[in-house]
Amino acid sequence: MRALVAPKYTKPSGYEVIDLPVPSVQKPNEMLIKVHAAGIMTGDTLVAGGTMKLLFKAPFPIRIGIECSGVVINVGSAVKNFKPGDAVYGAAFGHPMEFENAPGYCSEYCIGRESLFVHKPAHLSFEEAASLGGFTLTAYQSFELGAKHLADRGKTLEGSTVFVPGALSATGALGIQVLKNVYGVGKIVATVSTSKVPLVEKYLPGMVDQVVDYTEFEDLSRIIPAGSIDFAYNTQWSSLESIIPLMNKENGVIVSIASLFPPKILRQAMGPMLPFWAAWVAALAQLYYRWLLRGTNIKLDFLSGNLGKKDDVEKTAEIIALGKVKSVMRVVKLEDIEAVRKACDEVYKGKGGLGRLIVKIV
Ligand SMILES: NC(=O)c1ccc[n+]([C@@H]2O[C@H](COP(=O)([O-])OP(=O)(O)OC[C@H]3O[C@@H](n4cnc5c(N)ncnc54)[C@H](OP(=O)(O)O)[C@@H]3O)[C@@H](O)[C@H]2O)c1
């Protein structure tokens, strides 16, 4: 079967489609899935590029993709909720791939764990389903955390003015929809680059109250009043410094999904694989963030999407099934390797893409 891989540490220009054996169910809670569409995320390209190699060694060839949709082919003896022929979407836990000897999810077949998959609603295409689950979960968990911090300060998300950098990034576009359609946020301010300004209304109709071209304003407080933002969902590595001056200094809350996480969150994600020096670096980064926040009462917290929380996975599936989020995505075909490499390069660089990158397999 065909599978997208990085034969060695490489930028996306070095990705290849190779032939790998079809994997088989090894454990009672596993399912063999014929993949129809796979989602590519920044982490996939960073692992393949070697950025994480000091943290862990991924075996070569590095198998790409941890999120997909498809049809169940067969199931292990303990699988209760799925049977062959069911259309599903879901994810693996993270990098390195949790299943020994299994291909990544950007392959014709993959192995999925029952608890990490849900049934695909009939109204969604396979491409749409592959684009929604993971980042809707991250948004939902981030906003639950944000709502808790706001409540500690006597505030609600609903009554807040919210800032999201990258309105048409994969995470931003879903985040804005969850904020508006699930939490009923009143006012959303969001940034995009110049060519995307007119596209915000097309992809997120009626959702963003103020669209700002971030490439025009090095200092965003020239266009967004300082102190006017109650809650920010930080989706960009480069944005924290520019968000802080916009925040309500007494009660503001920031949840960041794109920062150096505190050691506690890294340990949750990596367990005993986390090297001691990485925990030190992460702890040092927290001192830097504390320095950025000096003289304010802004609460900064961090979130790494956690598929292990079954209730959150179910709530996310409900948000998706009810149509509260719609896909913002671009789709390339696995057989067009040049298009796959080019689109993966946008994900790797964090520039130029629009919505989630989906690779259509079938
Ligand atoms: N913690 C978690 O659980 C979690 C989950 C998912 C993702 N993440 C992280 O979140 C980050 C974003 O992920 P993503 O999937 O949304 O990536 P993405 O879709 O590739 O986002 C990059 C997009 O944002 C825009 N952009 C780049 N710099 C910007 C800036 N300074 N301000 C506003 N927009 C900017 C770019 O468009 P233009 O070039 O047109 O501006 C680009 O299309 C990544 O670092 C990823 O690792 C974390």
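Note that the structure is predicted; figures quoted are calculated from it, not measured. Here the residue numbers are simple positions, counted from 1 along each chain's written sequence. Residue-level local features of this predicted model are given only where pLDDT is at least 70; pairs of side-chain atoms are given and counted only at 80 or more, and the full residue set underlies all totals for whole chains, interfaces and linings. The side-chain values count all of the structure's non-hydrogen atoms but skip hydrogen atoms and water molecules.

**A look at the domain arrangement of the chain**
Right, on to step 1. Domain annotation of the chain identifies domain 1 (2–124 + 327–360) and domain 2 (135–302).
Right, on to step 2. Inter-centroid distance (C-alpha atoms) of domain 1 to domain 2 is 27 Å.
Right, on to step 3. Whether two residues are in contact is decided by their heavy atoms, any of which lying within 4.5 Å being enough. Counting residues at the interface gives 12 residues for domain 1 and 16 residues for domain 2.
Right, on to step 4. Approximately 1100 Å² of surface area, both sides summed, lies buried where domain 1 meets domain 2, with 69% of it carried by carbon and sulfur atoms.
Right, on to step 5. Reported buried area values correspond to the accessible surface (1.4 Å probe) lost by two parts on association, with both partners' losses combined. Looking at the side of domain 1 facing domain 2, the largest losses of area belong to L55, V328 and L354, adding up to 45% of the total buried there.
Right, on to step 6. The term salt bridge refers to a pairing of a side-chain nitrogen on Lys or Arg with a carboxyl oxygen on Asp or Glu at a separation within 4 Å. For the pair domain 1 and domain 2, the number of links is zero salt bridges.
Right, on to step 7. Polar contacts, as used here, are pairs of N or O atoms within 3.5 Å; protein pairs need one atom able to donate a hydrogen and one able to accept it. Residues neighboring in sequence count only if both atoms are side-chain atoms. Applying the counting rule to domain 1 against domain 2 returns three residue pairs in polar contact (both at pLDDT 80 or more).
Right, on to step 8. Residues were grouped as follows: Ala, Val, Leu, Ile, Met, Phe, Trp, Tyr, Cys and Pro as nonpolar; Asp, Glu, Lys and Arg as charged; and all remaining residues, including Gly, as polar. Tallied by class, residues from the side of domain 1 that touches domain 2 come to seven nonpolar, three polar and two charged. Either an automatic procedure or a domain database provided the assignment from which the domain bounds are taken.

**Concerning the nonpolar core**
Right, on to step 1. Put simply, buried Ala, Val, Leu, Ile, Met, Phe, Trp, Tyr and Cys residues joined by side-chain atoms within 4.5 Å make one nonpolar core. Here the term buried applies to any residue with accessible area under 20% of the maximum for its type, exposed to any over 50%, and partly exposed to those in between, with areas from a 1.4 Å probe on protein chains only. Formed by 112 residues in total, the largest nonpolar core has its most connected members in L204 and F231.
Right, on to step 2. The element best represented in this core is helix α2 (residues 126–152), accounting for nine residues.
Right, on to step 3. Ignoring anything within four residues of it in the chain, the contact list for L204 reads A167, L168, A173, I176, Q177 and V328.
Right, on to step 4. Counting residues in hydrophobic clusters, the runner-up holds five residues, among them V71, F126, A130 and I358. In this text, helices come from DSSP runs of H or I with a minimum length of four residues, and strands from runs of E with a minimum of two, each type numbered from the N-terminal end.

**Here's the deal with the sheet that holds strand β4 (residues 62–63)**
Right, on to step 1. Here three strands make up an open sheet; going across it, the order is β2-β1-β4 and the pairing antiparallel. The outermost strands of the open sheet, each flanked by one partner alone, are β2 (16–19) and β4.
Right, on to step 2. Two strands make a pair as long as DSSP finds a minimum of two bridges between them. Summarising the sheet, strand β1 (residues 2–6) and β2 pair through four bridges and their orientation is antiparallel. For R2, the partnering residue across the bridge sits in β2 and is D19.

**Let's talk about a nonpolar patch on the surface**
Right, on to step 1. Only residues above 30% relative accessible area that lack a salt bridge enter a patch, with like-charged residues linked at up to 9 Å and the nonpolar side chains Val, Leu, Ile, Met, Phe, Trp and Tyr linked at up to 5 Å. Each accessible area is a Shrake-Rupley result for a 1.4 Å probe, and residues are judged covered by the shown protein chains and nothing else. Side chains of L54, W237, L260, F276, W277, W280 and V281 sit close together on the surface and give an oily, nonpolar patch of about 830 Å² of accessible area.
Right, on to step 2. Mapped onto the fold, W237 is located in the loop between β12 (231–234) and α5 (240–243).

**Observations concerning the site of the ligand**
Right, on to step 1. Here, proximity means that at least one heavy atom of the residue falls within 4 Å of the molecule or strand. Within the structure, the ligand sits among 26 residues, and T171, S193, K196, Y214 and G305 are positioned closest to it.
Right, on to step 2. A distance of 2.6 Å separates an oxygen atom of the ligand from a polar atom in the side chain of S193.
Right, on to step 3. One of the side-chain N or O atoms of K196 is found 2.6 Å from an oxygen atom in the ligand.
Right, on to step 4. Calculation on the ligand without its partners gives an accessible area of 920 Å², and the protein chains cover 87% of this total.
Right, on to step 5. Elements represented by at least two residues in the shell around the ligand include exactly α2 and α3 (170–181).

**Looking at the packing of helix α6 (residues 263–270) against helix α7 (residues 276–292)**
Right, on to step 1. Between N-to-C directions, angles cover 0 to 180 degrees, with each direction set by a line fitted to C-alpha atoms, over the stretch in contact for helices. Contact pair α6 / α7: the axes reach a minimum separation of 9 Å and the direction vectors enclose 140 degrees. Only A278, A279, A282 and A283 of α7 make contact with α6, whose side of the interface consists of P263, L266 and R267.
Right, on to step 2. Its residues placed into classes, the contact of α6 with α7 shows six nonpolar, no polar and one charged.

**So, unusual backbone geometry**
Right, on to step 1. The omega torsion of the bond from F60 to P61 falls at -10 degrees, within 30 degrees of zero and hence cis.
Right, on to step 2. The topology assignment puts P61 in the loop between α1 (42–49) and β4.

**A short note on the pattern of salt bridges**
Right, on to step 1. Evaluation of the coordinates by the stated rule reveals 12 salt bridges.
Right, on to step 2. A salt bridge links R2 to E108; the shortest N-O distance between them is 3.5 Å. On the criterion of sequence distance, the pair formed by R2 in strand β1 and E108 in the loop between β6 (87–91) and β7 (109–113) is long-range, its members being 106 residues apart.
Right, on to step 3. Here K349 ties to D345 by a salt bridge, and the two come within 2.7 Å at their closest N and O atoms. Of this pair, K349 and D345 both sit in helix α9 (residues 337–349), separated by four residues, roughly a single helical turn.

**Some thoughts on the environment of I358**
Right, on to step 1. Relative to the elements of secondary structure, I358 occurs in strand β16 (residues 356–360).
Right, on to step 2. Between the C-alpha atom of I358 and that of C344, which follows or precedes it by 14 residues, the distance is 9.7 Å.
Right, on to step 3. Once you skip the residues sitting within four places of it in the chain, I358 turns out to touch A37, A38, G39, E127, A130, S131, M329, R330, V331 and V332.

**Quick word on the packing of α2 against α3**
Right, on to step 1. Axis separation between α2 and α3 bottoms out at 9 Å; the angle between their running directions is 60 degrees. Considering the angle they form, α2 stands oblique to α3. At the point where α2 passes α3, the crossing takes the right-handed sense. Counted together, S131, L132, F135, T136, A139 and F143 of α2 and A170, T171, L174, G175, V178 and L179 of α3 form the full contact between these two elements. With respect to orientation, any angle under 35 degrees is reported as roughly parallel, any angle over 145 as roughly antiparallel, any angle of 65 to 115 as roughly perpendicular, and every other angle as oblique. In this scheme the crossing of two helices becomes right-handed for a clockwise turn of the near helix relative to the far one and left-handed for an anticlockwise turn of less than a right angle.

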